[in-house]
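One-letter residues, chain by chain:
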Amino acid sequence: MPRPIQATIHTQALHHNLARARQAAPDAQAWAVVKANAYGHGIERAFEGLRGADGFALLDLAEAERVRALSWRGPILLLEGAFEARDLELCSRLHLWHTVHCDEQIDMLALHKTHEPHRVFLKMNSGMNRLGFAPQRYRSAWTRLNALPQVDEISLMTHFSDADGTKGIAAQMARFEEATRDLPGERSLSNSAATLRHAQDGAVKADWIRPGIAVYGSSPDFPEHSAEHWQLQPAMSLNAKIIAVQHLQAGESVGYGSSFVTDAPARIGVVACGYADGYPRICPTGTPVLIDGTRGRTVGRVSMDMLTVDLTGLPDAGVGSSVTLWGKAANGAVLSIDEVAQAAGTVGYELMCALAQRVPVVVED
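Procedures and definitions
- Residues numbered from 1 in each chain as written.
- Predicted model: local features only at pLDDT ≥ 70, side-chain atom pairs only at ≥ 80, totals over all residues.
- Heavy atoms only, no water.
- Axes fitted to C-alpha atoms, helices over the stretch in contact; angles between N-to-C directions.
- Helix = DSSP H or I, 4+ residues; strand = E, 2+ residues; numbered from the N terminus.
- Parallel < 35°, antiparallel > 145°, perpendicular 65-115°, else oblique.
- Contact = heavy atoms within 4.5 Å.
- Nonpolar A, V, L, I, M, F, W, Y, C, P; charged D, E, K, R; others polar.
- Polar contact = N/O pair within 3.5 Å; in protein donor to acceptor, adjacent residues only side chain to side chain.
- Core = buried A, V, L, I, M, F, W, Y, C linked by side-chain atoms within 4.5 Å.
- Buried < 20%, exposed > 50% of the residue type's maximum accessible area, 1.4 Å probe, protein only.
- Pairing = 2+ DSSP bridges.
- Right-handed = clockwise from strand over helix to strand, strands pointing away.

Draft legend 1. Region of interest: the packing of helix H6 (residues 103-111) against helix H7 (residues 135-146). For the pair H6 and H7, interaxial distance at closest approach is 10 Å and the crossing angle is 10°. The orientation of H6 relative to H7 falls into the category roughly parallel. Contacts between H6 and H7 pair Asp103, Ile106, Asp107 and Leu109 from the former with Arg137, Ala141, Arg144 and Leu145 from the latter. Here the contact of H6 with H7 is built from residues that sort into 4 nonpolar, no polar and 4 charged.

Draft legend 2. Up close: the side chain of Thr308. Inspection of the secondary structure puts Thr308 in strand S16 (residues 307-310). Side-chain polar atoms of Thr308 contact the backbone oxygen of Val299, separated by 2.5 Å. Dropping the residues within four chain positions of it, Thr308 is found in contact with Val254, Ile268, Gly269, Val270, Arg297, Thr298 and Val299.

Draft legend 3. Geometry of the nonpolar core. Membership of the largest hydrophobic core comes to 106 residues, with the highest contact counts inside it found for Leu145, Tyr279 and Leu325. When sequence neighbours within four positions are dropped, the list of residues in contact with Leu145 reads Val100, Ile106, Leu109, Val120, Leu122, Val151 and Ile154.

Draft legend 4. View of the pairing of strand S3 (residues 55-58). Residues Gly55 and Ala57 line one face of S3 and the alternating positions Phe56 and Leu58 line the opposite face, and both faces are buried. Across 3 bridges, the pairing between strand S2 (residues 29-33) and S3 is parallel. Its bridge partner lying in S3, Val33 is registered against Ala57. Pairing geometry for S3 and strand S4 (residues 76-78), over 3 bridges, is parallel. Each residue of the ladder has a partner; that of Leu58, found in S4, is Leu78. Between S3 and its parallel partner S4, the chain crosses via helix H4 (residues 61-69), and the hand of that crossover is right-handed.

Draft legend 5. Inspection of the environment of Gly132 at higher detail. As for its position among the elements, Gly132 is in the loop between strand S6 (118-124) and H7. C-alpha of Gly132 to C-alpha of His159: the two residues are 27 residues apart in sequence and 9.2 Å apart in space.

Honestly, it's all geometry; don't read function into it.
Following this line, the structure appears as structure tokens:
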């Protein structure tokens with residue numbers, strides 16, 4: 001039989017979470033952000049749950065081809081735009097919309113031969129300081145683009161650096177609004193945090209929202225707010241089974257480095273999941289798990305193919321018991337991926353994206 005570990009993609013959860021983002025910004029159209037292979041969920045596996053979006057936003061041309069191969073005829077946006085001039089040929093062929101964030105991309109467009117002008121999203125660097133034109137240069141970039149016969153409609157775009165925290169979006173919104181005053185074009189502004197925290201309060205108004213992590217059931221501002229607070233459901237569950245049980249006496253250790261030592265007799269379950277499956281090696285003793293749907297904890301060091309959990313106090317658990325590493329257990333109990341990520345000192349995004357290829361994945365309608 002195959003090794004007893006499996007990830008499950010929950011189609012209805014994707015549908016629900018996208019609807020939740022729409023509810024927060026009911027007047028806006030919604031991109032479903034499927035970069036990084038739909039945040040590790042798989043573009044093809046996530047598509048059915050997200051096909052209610054108005055468009056798909058992603059990074060590279062190969063991902064765009066995969067979305068088109070799924071018979072999607074609506075908008076697809078390249079969030080980082082073209083990387084070299086020949087990319088524009090595929091943008092023309094696949095009818096892709098694309099971001100323009102630097103002078104070099106405008107130069108590429110100026111030399112591009114196309115029969116159909118392109119829809120572009122002109123990005124402003126309003127404070128993130130990664131991609132985009134500074135506010136004082138934004139209008140001149142817009143003017144250059146607007147003069148090109150290769151360009152049709154120009155949309156206006158920025159990205160918030162602190163939508164998930166106390167600093168908020170006010171300063172960046174002010175810069176964006178000042179620099180775009182009276183410029184025509186649709187606005188694309190809100191990531192997950194800005195959509196859930198600010199759009200429904202009226203602090204940001206946009207024609208397009210870009211929900212990413214929220215669509216996959218992770219809170220964009222954890223630990224201030226949980227996924228449950230935002231009424232989000234996990235779109236991915238990772239479950240494995242216990243393949244062995246050890247009975248230890250007080251003073252015995254568990255795993256590499258003997259990092260965990262029992263202080264009393266203990267039952268230890270060995271789980272068929274390790275860092276080669278995408279579970280973070282750095283997760284310490286005490287990282288939460290669900291054992292047959294009951295909350296438990298890991299003990300000792302995570303190894304390549306196994307980790308260990310404390311079965312003391314769970315007399316019915318043993319070989320064959322199901323361990324939920326994150327997501328939903330068979331009895332409906334939920335362990336947020338954000339909690340596991342917090343124990344590892346990271347964010348849910350990284351855990352989703354790190355799911356290893358060797359883990360079997362099934363799609364649940």
